[in-house]
Amino acid sequence: MRAVEKLFTHFDKFMMRVKNGKTSFFAGGRFSLGMAILMTLLSVVIYLNTSPDLDVYLFCAMIIFTWFIILFCGVAFWIPAKLYGGKSNMIKTVTGFGYLSLIFVFIRIVELPMMMVTHKAILTQSEPLQHDISGLISLGIYQSFAASISNVLVALGYLVLGYLTYRMLRVVHELGRLRALISTCIGILIISMTAVYVQAPVVEFFVFANKA
């Protein structure tokens, strides 16, 4: 809680501690792991719609995968930051982003109606990755008022995350405004491609693994 308070009240000072190595990777990793657990617990509400219970091994796999995605996001922002003259290393970038993963929890909360639509679309298939269901998901969101509002709130959540990441890169890597902005945009592009080609297929397998 103290870390959350400092993150929101003294953002630049907090990230300066990350830059100077006063906040360790262990601390940031532990924080992001906690966020991964919270995100998975929120997802359980949706997964229980397709099954009366959730296998403990599947639950643990979901936590590990969610944590991996958070850590990967940090790496995805470190790569362009370093290419554009960033002065910090990968560990510190991943540590800084680990604390920003708090925003993912808020995004997951408002994302629940969208997740409901997504899971229903996935379960229209007889097996995972059988068809491209992006159109079916878009139609489901359009037909559901709650999912439509959720879609907007998720987009706003990612804008906030992008802004905070931009500020983090400016402090941790000592980047100017333009270079920090370009690095943030490239990082978001990398993450978006990962979401489409890695995260989405894995989520489909998780949904089918928990299917009643």
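As shown above, the structure is provided for reference.
Below is a summary of the structure that appears in this document. (Residues numbered from 1 in each chain as written. Predicted model: local features only at pLDDT ≥ 70, side-chain atom pairs only at ≥ 80, totals over all residues. Heavy atoms only, no water.)

### A short note on the layout of surface pockets
(1) Moving on: Its volume calculated, the largest pocket comes out at about 1500 Å³.
(2) Moving on: Lining the largest pocket we find 50 residues, and of these Glu111, Tyr158, Ala195, Gln199 and Ala200 sit closest to its centre.
(3) Moving on: At the level of secondary structure, the elements contributing two or more residues to the lining of the largest pocket comprise α3 (25-47), α4 (56-83), α6 (102-122), α7 (134-143), α8 (145-172) and α9 (177-209).
(4) Moving on: With 13 residues, α9 is the largest single contributor of residues to the lining of the largest pocket.
(5) Moving on: Of the residues assigned to the lining of the largest pocket, the class counts are 32 nonpolar, 14 polar and four charged. (1 Å grid on protein atoms, 1.4 Å probe; cavity = no way out; pocket = protein on both sides within 12 Å on 5 of 7 lines; lining within 4 Å. Points joined across faces, edges and corners; volume = space filled by probe spheres on them. Helix = DSSP H or I, 4+ residues; strand = E, 2+ residues; numbered from the N terminus. Nonpolar A, V, L, I, M, F, W, Y, C, P; charged D, E, K, R; others polar.)

### Quick word on the environment of isoleucine 70
(1) Moving on: Turning to its location among the elements, isoleucine 70 is positioned in helix α4.
(2) Moving on: Residue isoleucine 70 is classed as buried on the basis of its relative accessible area, which comes to 2%.
(3) Moving on: For isoleucine 70 and leucine 100, which are 30 residues apart along the polypeptide, the C-alpha to C-alpha distance reads 9.3 Å.
(4) Moving on: Isoleucine 70 has contacts with Ser32, Ala36, Met39, Phe97, Ser101 and Phe104, leaving out every residue within four places of it along the chain. (Buried < 20%, exposed > 50% of the residue type's maximum accessible area, 1.4 Å probe, protein only. Contact = heavy atoms within 4.5 Å.)

### Topic: the pattern of salt bridges
(1) Moving on: Tallied over the full model, the rule gives four salt bridges.
(2) Moving on: Between aspartate 12 and arginine 167 there is a salt bridge, with the nearest N and O atoms lying 3.3 Å from each other. With a gap of 155 residues between them, aspartate 12 in helix α2 (residues 11-19) and arginine 167 in helix α8 connect regions that are remote in the sequence.
(3) Moving on: Salt bridges here are not isolated pairs; linked through shared partners, they connect Lys19, Lys87 and Glu174. (Salt bridge = Lys/Arg side-chain N within 4 Å of Asp/Glu carboxyl O.)

### Structural notes on the packing of aromatic side chains
(1) Moving on: Counted by the stated rule, this structure contains seven aromatic pairs.
(2) Moving on: Arranged with centres 4.9 Å apart and planes meeting at 35°, the rings of phenylalanine 31 and tyrosine 99 form a pair that is tilted. With phenylalanine 31 in helix α3 and tyrosine 99 in helix α5 (residues 90-100), this residue pair connects regions lying 68 residues apart in the sequence. Across the pair, exposure class does not vary: phenylalanine 31 and tyrosine 99 are buried alike. (Phe/Tyr/Trp six-rings, centres within 6.5 Å; stacked < 30°, edge-to-face > 60°.)

### A closer look at the environment of glutamate 111
(1) Moving on: Within the secondary structure layout, glutamate 111 lies in helix α6.
(2) Moving on: The sequence separation of glutamate 111 and serine 150 amounts to 39 residues, and the corresponding C-alpha distance is 5.5 Å.
(3) Moving on: Once you skip the residues sitting within four places of it in the chain, glutamate 111 turns out to touch Ser150 and Val154.

### Topic: α4
(1) Moving on: The end-to-end C-alpha distance of α4 is 41 Å, a good match for the 40 Å that 28 residues give at a rise of 1.5 Å each.
(2) Moving on: Taking the backbone nitrogen of tyrosine 57 as reference, a side-chain oxygen 2.9 Å away marks aspartate 55 as the first, capping residue of α4. (Expected span 1.5 Å × (residues − 1). Polar contact = N/O pair within 3.5 Å; in protein donor to acceptor, adjacent residues only side chain to side chain.)

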